[in-house]
Amino acid sequence: MQAQAMHGGAANRRHVLKLGTALGVVLAARPMISVRAQAAAQAATPMQPLLANRAPLAPQPFQLLPLGSVRPTGWLKRQLEIQAAGMGGRLDETWPDVGPNSGWLGGTGESWERGPYFVDGLLPLAWLLDSAPLKAKAQRFIDWTLDNAGADGMFGPRSNNDWWPRMVMLKVLTQYHELTGDPRVIPVMTNYFVHQLKDGAGRPLQDWGRFRWQDEVVSIIWLYNRTGDARLLELAKMLKGQGFDWQGLFADYPYKSKTDKAAIGLDKPDVPGEVSNGLKDPALSVHGVNNAQALKASPVWSVVSGSEADRSAIGHQLAMLDRYHGLPIGIYSADEHLAGRSPSQGVELCAIVESMYSLELALAITGDPLLGDRLEKIAYNALPATFSDDMWAHQYDQQPNQVRCSHAKGPWTTNGPESNLFGLEPHFGCCTANFHQGWPKLAASLWMASAEGGLVAAIHGPCEVMTSVKGVGVRIAETTDYPFKHRIAIAVDPASPVAFPMQLRIPAWAQSATLRVNGKPHPAKPGTFARIEREWHAGDRVELELHDSPRQVPGFNGALTVEQGPLVFSLPIEEKWEKLRQRGLTADWAILPASEWRYGMAANAKFVRHEREVGPVPFSRTNPPVALSAQMAQVSQWDEMDGSALPPPVGAKAAGAARTLALLPYGAPKLRLTAFPALTEA
């Protein structure tokens, strides 16, 4: 049992009995909003117009629709509601770092990245769910930021002047403006960028900001498309010059094995008065979250440079990470630094949500459908796997082969012994503040606009789209249980007949695809965007069915991972949840195995698929929407070390008779086996 049984006692009752009540409180209560917020709402444009890149910026095939244009429905809305009722909506009530004394509310508390991180996910969550109480929470941070900028243009807490946390708050302000049109946003951003252009030469980017410069360039491009201020492009070039050269790093990639502390200078103690070893290169260039944010670096810069080499460089970057550090869940290992390919290595939650955001932007800039495939694999596997069902506890590191979550040394490169525990802030609080952006930004990116004036189903999931094409209002309803099932129905409802191209991403994993428009077949090739060009009328219907059988994918040491569609499947291990300590509204937990986990499978294993309705908890261990069953056998000579399974053995032999076992979607069980030793003949 996981979320329902995991907590036991009061926590169990909280999940089962109080989750619905909590959702009602979060989504229905109507606290007072500030006078400033009311004024902003009155002045706001209900939906901001879509703006193409302004010259000399390079055009791009797709554009993200303004935030609020795409809203989740079905299971995806339910997942956001769970987040809202858990730490995603109530973190400020139990964690002082983002509470009333936050430096980003004018207090004396934490004044660096955690406030901006929290609001970067809270804001889209609040508006996508139309939750007045969550909007009010986000509004407090926004009002303080907008109303307390200095005369020199600098904004944020005066206790630090680091450029990095302001890069995150700039993302918040762009989203907020798209939702409300608040007239305060553009002047504050403009004045800040002018300030940085003036002072930046004497106070260049350093530490985290130097490796994350591309995140600020995203906001610079956003503002330039609205104002055309040439100084913004000058600032973008200055930041690129001061920032780390990610594309150059991957051109002749040097990090081809698990990170060694000595090789990156982390085996020596820090010297007082000097920069911490952890903030020096190469430690920062093999840092997992830096690499996740860097996935957007070359595509984002290509918008400024116009270079096709820049635009396409992400493909090589991902290939290098896959080859030397790839895990079977679409992302590389990084615990906390790049850690090789063993499925017992972990990956940090921050790296998961940041890689998703990078891929959302890169997909729009490049139009590469394979980036959509990867984004779905990360979002529909790695993201839910690292949370309890009620999203009141999370991990810092998750492992594909995760046989226990305990206070142990682990196989980590540089992380501490609490890294795969579930709780409020295991190991370090950055992920506690930053995880919130994962689901909301994915939901907002499901549909995009094309450069030719059409609409694009870029990522598949249940949603509703409200936008306009050629001045005609268009509503699209996408009904689906994807990724659990592979049937998608799209209802198109324009206010009046309007001609535009619609594109649908056909995943490369599909063996074939059946696409129909009003019942008539239409071509659809896996690994491409299917294009439907027609005049659309109210009541038009598009149906897509993706066909795929379960497949075994070989990986590290020849171990086999089972996939179907975008889902990875894992063998669940019985879980014994042990409460370590209460942490305000939540708690910290260890999970110990209560069943055997040492199983292998034959390379020609046969699978049977089982489906049921998606339940209240979409990624549920106890009520999974889909499962696979197959024959597996226990293997001998496979041990644990330091609280983790050793890498899958090569040449494993069955230690007993095979038995039929169920495999669940990777995101459901918290103890699991995902990379199975390939059994050899006795």
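Residues numbered from 1 in each chain as written. Predicted model: local features only at pLDDT ≥ 70, side-chain atom pairs only at ≥ 80, totals over all residues. Heavy atoms only, no water.

Some details on the overall build of the protein
Thinking step 1. The secondary structure content of the protein amounts to 20 helices and 26 strands.
Thinking step 2. Over its C-alpha trace the protein gives a radius of gyration of 24 Å, about what one expects of a compact globule, namely 26 Å for 682 residues.
Thinking step 3. Its C-alpha atoms give the protein principal-axis dimensions of roughly 75 × 70 × 55 Å.
Thinking step 4. Taken across its 682 residues, the protein has 62% of its residues classed as buried. (Helix = DSSP H or I, 4+ residues; strand = E, 2+ residues; numbered from the N terminus. Rg over C-alpha atoms; globule rule 2.2 N^0.38 Å. Buried < 20%, exposed > 50% of the residue type's maximum accessible area, 1.4 Å probe, protein only.)

Quick word on the sheet that holds strand β6 (residues 455–457)
Two pairing modes exist for strands in a sheet, parallel and antiparallel, and in both the strands are linked by backbone hydrogen bonds.
Thinking step 1. Spatially, β1-β5-β6-β10-β13 is the arrangement adopted by the five strands of the open sheet, whose pairing is mixed. Because the sheet does not close on itself, it has two edges, and the strands there are β1 (62–64) and β13 (528–536). Direction aside, the axes of adjacent strands within the sheet are offset by 30° on average.
Thinking step 2. This element, helix α18 (residues 369–385), spans β10 (498–506) and β13 of the sheet and lies at about 60° to β10. (Pairing = 2+ DSSP bridges. Axes fitted to C-alpha atoms, helices over the stretch in contact; angles between N-to-C directions. Contact = heavy atoms within 4.5 Å.)

Describing the pattern of salt bridges
Opposite charge on two side chains lets them pair, provided their charged atoms get close.
Thinking step 1. For the coordinates displayed, the defined rule picks out 38 salt bridges.
Thinking step 2. In this structure, Lys485 and Asp481 form a salt bridge, with 3.8 Å as the shortest nitrogen-oxygen distance.
Thinking step 3. By relative accessible area, which is 7% here, Lys485 ends up buried.
Thinking step 4. Linking Glu574 and Arg621 is a salt bridge whose minimum nitrogen-to-oxygen distance equals 3.5 Å. One end of the pair, Glu574, is in the loop between β17 (567–572) and β18 (575–583); the other, Arg621, is in the loop between β21 (608–611) and β22 (626–634), with 47 residues separating them in the sequence.
Thinking step 5. It is possible to trace a salt-bridge network through shared partners that takes in Asp120, Lys171, Asp215, Lys296 and Lys441. (Salt bridge = Lys/Arg side-chain N within 4 Å of Asp/Glu carboxyl O.)

Looking at helix α11 (residues 213–227)
Thinking step 1. With 15 residues, α11 extends 21 Å from end C-alpha to end C-alpha; this agrees with the ideal 21 Å at 1.5 Å per step.
Thinking step 2. Among the 15 residues that make up α11, 13 are buried, leaving the element largely enclosed by the rest of the structure.
Thinking step 3. Gly228 sits one or two residues past α11 and shows a positive phi near 70°. (Expected span 1.5 Å × (residues − 1).)

Overview of empty space enclosed by the protein
Thinking step 1. Using the criterion set out here, one finds four cavities of 30 Å³ or more in the structure.
Thinking step 2. One number sums up the size of the largest cavity: a volume of about 660 Å³.
Thinking step 3. Lining the largest cavity we find 31 residues, and of these Leu64, Glu178, Val218, Trp222 and Leu361 sit closest to its centre.
Thinking step 4. Mapped by element, the contributors of at least two residues to the lining of the largest cavity are β1, α8 (163–180), α11, α15 (297–305), α17 (349–366) and α20 (438–444).
Thinking step 5. By residue number, the principal contributor to the lining of the largest cavity is α11, which donates six residues.
Thinking step 6. Of the residues that constitute the lining of the largest cavity, the class distribution is 18 nonpolar, eight polar and five charged.
Thinking step 7. Of the volumes computed, that of the second largest cavity is approximately 80 Å³.
Thinking step 8. Residue composition of the lining of the second largest cavity, grouped by class: six nonpolar, three polar and two charged. (1 Å grid on protein atoms, 1.4 Å probe; cavity = no way out; pocket = protein on both sides within 12 Å on 5 of 7 lines; lining within 4 Å. Points joined across faces, edges and corners; volume = space filled by probe spheres on them. Nonpolar A, V, L, I, M, F, W, Y, C, P; charged D, E, K, R; others polar.)

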